[in-house]
Amino acid sequence: MSENRAHIIIIDGEEGSGRKTLCFELSLILLYNNQKTALILKPDSKLKKVIETRTQRHPELPSPCIISREEFAQHAEQFNAVIIPESTANDTFAEDASTYITVLKHNKNTAKQFQNNLSYINSVWELKKKIASLHNHSLDWIVCQNNLYPTTRLETYEELKQKSRLYGYRTPPPLNFRFAYQNITSGISAQDRTTPSLEKTLTYEDICAKREITKLAEFIFS
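Parameters and conventions
Residues numbered from 1 in each chain as written. Predicted model: local features only at pLDDT ≥ 70, side-chain atom pairs only at ≥ 80, totals over all residues. Heavy atoms only, no water. Helix = DSSP H or I, 4+ residues; strand = E, 2+ residues; numbered from the N terminus. Rg over C-alpha atoms; globule rule 2.2 N^0.38 Å. Buried < 20%, exposed > 50% of the residue type's maximum accessible area, 1.4 Å probe, protein only. Contact = heavy atoms within 4.5 Å. Areas by Shrake-Rupley, 256 points an atom, 1.4 Å probe, with all protein chains shown as cover. Lys, Arg positive; Asp, Glu negative; His and termini not counted. Charge placed at Lys NZ, Arg CZ, Asp CG, Glu CD. Pairing = 2+ DSSP bridges. Axes fitted to C-alpha atoms, helices over the stretch in contact; angles between N-to-C directions.

Asks: Honestly, the overall build of the protein in this entry has me stumped. Any pointers?
Replies: Helix and strand counts for the protein stand at eight helices and six strands. In the protein, the order of α-helices and β-strands from amino to carboxyl end is β-α-β-α-β-α-β-β-α-α-β-α-α-α. Over its C-alpha trace the protein gives a radius of gyration of 17 Å, about what one expects of a compact globule, namely 17 Å for 222 residues. Along the three orthogonal principal directions, the C-alpha set of the protein runs to about 45 × 45 × 30 Å. Counting only residues that meet the buried cut, the protein has 50% of its 222 residues in that class. The contacts of the protein with a sequence gap of at least 6 include a subset with a gap of at least 24, amounting to 78%. Total accessible area computed for the protein in this model is approximately 11,300 Å², and 50% of it derives from carbon and sulfur atoms. Computed over 28 positive and 26 negative side-chain charges, the separation of the two mean positions in the protein equals 4 Å.

Asks: Explain the sheet that holds strand E5 (residues 99-105) to me, please; I cannot follow it from the model alone.
Replies: Whenever strands of a sheet pair, they do so through backbone hydrogen bonds, lying parallel or antiparallel. Across the sheet, six strands lie side by side as E3-E2-E4-E1-E5-E6; this open sheet has parallel pairing. In this open sheet, the two strands that pair with only one neighbour each are strand E3 (65-67) and strand E6 (140-146). Going across the sheet, the axis of each strand differs from the next one's by a mean of 25°, ignoring polarity. The sheet strands contacting helix H5 (residues 118-135) are strand E1 (7-12), E5 and E6, and the helix crosses E6 at an angle near 145°.

Following this line, the structure appears as structure tokens:
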């Protein structure tokens with residue numbers, strides 16, 4: 001990560017794929033690893049309200065800064081990482097991205113639907129080319145399945161992995177079904193459960209969720 005340029009992460013995905021929850025969990029993993037992190041959120045974002053609630057109820061816990069699109073150019077260099085869950089490859093705002101994460105709902109048709117969506121794949125490729133010409137670095141494209149169902153279908157992961165070289169993305173193991181990923185309205189995350197004030201509420205699901213997001217963060221920055 002450059003000392004004077006934030007690592008900018010775009011998280012893209014259809015409604016209900018879990019991109020905002022992933023944004024929240026990932027930002028906290030980075031904060032707990034001493035990476036100054038900001039989120040770019042719309043004024044009416046539900047995630048913005050979650051983080052405000054978190055700050056009010058638990059001021060002792062780390063929380064990502066929230067900046068607007070208008071503030072980005074002025075403040076981005078103050079952070080190690082900036083995460084944006086409400087952008088697409090066609091958004092000019094994505095031209096500064098270092099990592100582009102496509103979050104897919106995990107079901108038996110997801111892999112085929114994604115691979116058949118050539119207009120989407122081409123839009124990310126155009127973004128990759130634009131970033132290469134503008135910034136002289138390669139965009140890291142990651143396709144991540146967020147499993148919102150109780151069963152894991154590894155065959156869809158294998159399908160995605162087989163096409164990864166053809167389409168130029170990397171794919172980490174899918175995130176499994178964890179209640180801890182979805183219950184973020186209070187602003188408490190699986191990442192927080194090992195803090196002294198919350199460690200007594202630690203559950204097996206919290207442990208697994210924290211481990212999986214940690215592995216995803218390591219995958220992104222590897």
